[in-house]
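Fold and geometry: a report
Here are the chains, one letter per residue:
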Amino acid sequence: MTTDDLKTPFHAMHTGAGAKMMPFAGYDMPVSYPLGVLKEHQHARARAGLFDVSHMGQVILSGPDAAQALERLMPVDVAGLAAGRQRYGLLTNDQGGVRDDLMFANTGEHIFMVVNAACKVADIAHLTENLSGDVQVHEVTDRALLALQGPEAEAVLATLVPQVREMRFMDYRELAFEGQTLFVTRSGYTGMDGFEISIPHAVACDVAQALLDHKSTQWIGLGARDSLRLEAGLCLYGHELSPQISPIEAGLTWAISKSRRADGGFAGDARILDEIAHGAPRTRVGLRPHGRAPLRDGTQIYAAQDEATHIGTVTSGGFGPTVEGPISMALVDSAHRHVGTELYALLRGKWAPVTITALPFVPASFKR
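Below is a summary of the structure that appears in this document. (Residues numbered from 1 in each chain as written. Predicted model: local features only at pLDDT ≥ 70, side-chain atom pairs only at ≥ 80, totals over all residues. Heavy atoms only, no water.)

Describing the packing of helix α2 (residues 37-46) against helix α7 (residues 222-231)
In the contact formed by α2 and α7, the axes pass within 8 Å of each other and the chain directions differ by 55°. Judged on the interaxial angle alone, α7 and α2 are oblique. For the element pair α2 and α7, the recorded crossing hand is right-handed. Contacts between α2 and α7 involve Val37, Glu40, His41, Ala44 and Arg45 on the former and, on the latter, Gly223, Ala224, Ser227, Leu228 and Glu231. (Axes fitted to C-alpha atoms, helices over the stretch in contact; angles between N-to-C directions. Helix = DSSP H or I, 4+ residues; strand = E, 2+ residues; numbered from the N terminus. Parallel < 35°, antiparallel > 145°, perpendicular 65-115°, else oblique. Left-handed = near helix turned anticlockwise from the far one by under 90°. Contact = heavy atoms within 4.5 Å.)

The structure is reproduced here in structure tokens:
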């Protein structure tokens with residue numbers, strides 16, 4: 001930690017729980033706890049894991065034209081999103097790359113957004129500059145954010161707010177707790193059932209402690225958060241997504257709303273619509289190494305044991321505790337994208353065979 005690192009409202013709880021802290025996106029964040037990354041991962045898969053994600057940005061867009069204005073910046077149907085529902089979105093640039101990926105909800109009164117920590121300053125500046133007129137951009141700075149993930153997440157959170165039992169995947173609700181209002185979405189970034197909970201600072205630690213008092217719940221750090229995300233085959237900004245990587249290359253064609261494909265009208269529409277129609281030059285794929293050594297991001301991929309056949313680069317990689325072996329994602333030339341294709345990684349000067357496999361590595365378990 002440096003003197004410039006920010007702290008979330010749960011910092012003392014993390015250090016009190018013996019967390020190993022590290023700088024991340026300008027914050028001092030817990031990477032793991034005494035249980036260790038492997039067991040934290042397994043606990044979240046089996047029961048309920050509590051993640052501090054308060055470093056992420058929370059933003060409210062208000063005004064009668066907010067939805068239509070936001071559609072100029074995202075290839076996503078914003079205006080058609082029903083009240084009480086949330087959707088995955090992408091802020092694109094004029095070149096068809098991705099500024100950030102995010103979640104946004106229609107609260108019935110305004111749009112509530114959660115953006116990535118490393119991008120939030122740039123995102124807010126971009127939104128403020130481009131959503132002119134009657135649209136107001138408000139950064140929420142008086143709320144913490146927790147993610148409760150795993151098969152027992154519903155049972156745990158229902159002890160505080162029983163209404164969550166009625167929610168389905170991507171629902172949004174505002175629920176009362178100790179005289180304060182929680183913004184609750186049935187979502188998360190682990191591929192499992194769970195919730196993200198925006199909490200006023202006044203009761204943030206009370207909510208966290210009430211969840212931790214349940215025998216099913218344990219704190220989970222950034223290390224296991226990433227291994228869960230990787231097993232779920234989910235993109236991470238700065239790895240599978242960047243200003244140079246298009247949503248189509250990243251395998252996110254499903255996130256481009258059908259209502260936006262005909263006429264465009266969003267940043268980067270020329271490239272994105274062309275890649276939908278004719279294919280992208282690169283494609284995100286899953287990789288399973290044949291050995292036990294993980295292929296980390298930056299590892300180069302080849303079509304044969306010859307450096308002249310370079311076809312791609314690993315974007316994320318590590319050990320998958322649930323699949324009990326190394327797993328990676330990579331961007332490869334689209335001609336080599338097919339499941340079952342045998343490729344080679346150059347790992348510490350040696351050729352390591354790998355096979356393209358379907359994503360996700362572990363099936364999702366959302367409550368539909």
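Now that the structure is up, let's keep going.
So, α7
Where burial is concerned, most of α7 is hidden: seven out of the 10 residues are buried. All of the buried residues in α7 are Leu222, Ala224, Ser227, Leu228, Arg229, Leu230 and Glu231. Where the residues of α7 are buried, they touch β1 (20-24), β2 (27-32), α2, β3 (48-52), β16 (310-320) and β17 (325-333). At the C-terminal side of α7, Gly233 shows a positive phi close to 65°. (Buried < 20%, exposed > 50% of the residue type's maximum accessible area, 1.4 Å probe, protein only.)

Brief notes about the side chain of Ser216
Within the element layout of this structure, Ser216 appears in the loop between α6 (204-212) and β13 (217-219). Looking at Ser216, the relative accessible area reads 2%, which means it is buried. Those residues in contact with Ser216, other than ones at most four positions away along the chain, are His43, Arg47, Ala48, Glu152 and Val156.

Regarding the side chain of Thr107
As for its position among the elements, Thr107 is in the loop between β6 (98-106) and β7 (111-115). Taking the relative accessible area as the measure of exposure, Thr107 reaches 16% and is therefore buried. Reaching out from Thr107, the side chain makes a polar contact with the backbone nitrogen of Glu109 at a distance of 3.1 Å. Discounting residues that sit within four places of it in the chain, Thr107 has contacts with Phe112, Tyr172 and Glu174. (Polar contact = N/O pair within 3.5 Å; in protein donor to acceptor, adjacent residues only side chain to side chain.)

Re the sheet that holds strand β10 (residues 172-177)
Taken together, the six strands give an open sheet; going across it, the order is β10-β11-β12-β9-β3-β13, and neighbouring strands pair in mixed fashion. Lying at the two open borders of the sheet, with one neighbouring strand each, are β10 and β13. Shown here is a sheet whose adjacent strand axes are inclined to one another by a mean of 25°, direction ignored. α2 contacts β3, β9 (143-149) and β13 of the sheet and is inclined by roughly 120° relative to β3. (Pairing = 2+ DSSP bridges.)

Section: the pattern of salt bridges
Per the counting criterion, the structure on display carries 14 salt bridges. In this structure, the salt-bridge partner of Asp171 is Arg85, at a minimum N-O distance of 2.8 Å. One end of the pair, Asp171, is in the loop between α5 (153-157) and β10; the other, Arg85, is in strand β5 (residues 85-92), with 86 residues separating them in the sequence. Of the residues examined, Asp171 reaches a relative accessible area of 9% and is grouped as buried. Classification of Arg85 by relative accessible area gives partly exposed; the value is 30%. A salt bridge links Lys367 to Glu154; the nearest nitrogen and oxygen atoms lie 2.7 Å apart. Residue Lys367 is found in the segment after β19 (350-357), and its partner Glu154 is found in helix α5; the two are separated by 213 residues along the sequence. One salt-bridge network, held together by shared partners, links Glu154, Arg165, Arg186, Asp193 and Lys367. (Salt bridge = Lys/Arg side-chain N within 4 Å of Asp/Glu carboxyl O.)

Thoughts on the packing of aromatic side chains
Scanning all chains against the criterion turns up eight aromatic pairs. Centroid distance Tyr88 to Trp254: 5.5 Å. Interplanar angle 25°. Geometry classified as stacked. One end of the pair, Tyr88, is in strand β5; the other, Trp254, is in the loop between α7 and α8 (258-261), and 166 residues separate them in sequence. By relative accessible area, which is 59% here, Trp254 ends up exposed. Arranged with centres 6.2 Å apart and planes meeting at 50°, the rings of Tyr172 and Phe183 form a pair that is tilted. A residue pair is termed long-range when its members are at least 10 positions apart, and Tyr172 in strand β10 and Phe183 in strand β11 (residues 180-185) qualify at 11 residues. As far as burial versus exposure is concerned, Tyr172 and Phe183 are alike and both buried. In this structure an aromatic cluster arises from ring pairing among Phe10, Tyr33 and Trp219. A cation over a ring is seen here: Arg143 above Phe183, with NZ or CZ 3.6 Å from the ring centre. (Phe/Tyr/Trp six-rings, centres within 6.5 Å; stacked < 30°, edge-to-face > 60°. Lys NZ or Arg CZ within 6 Å of the ring centre and 35° of its normal.)

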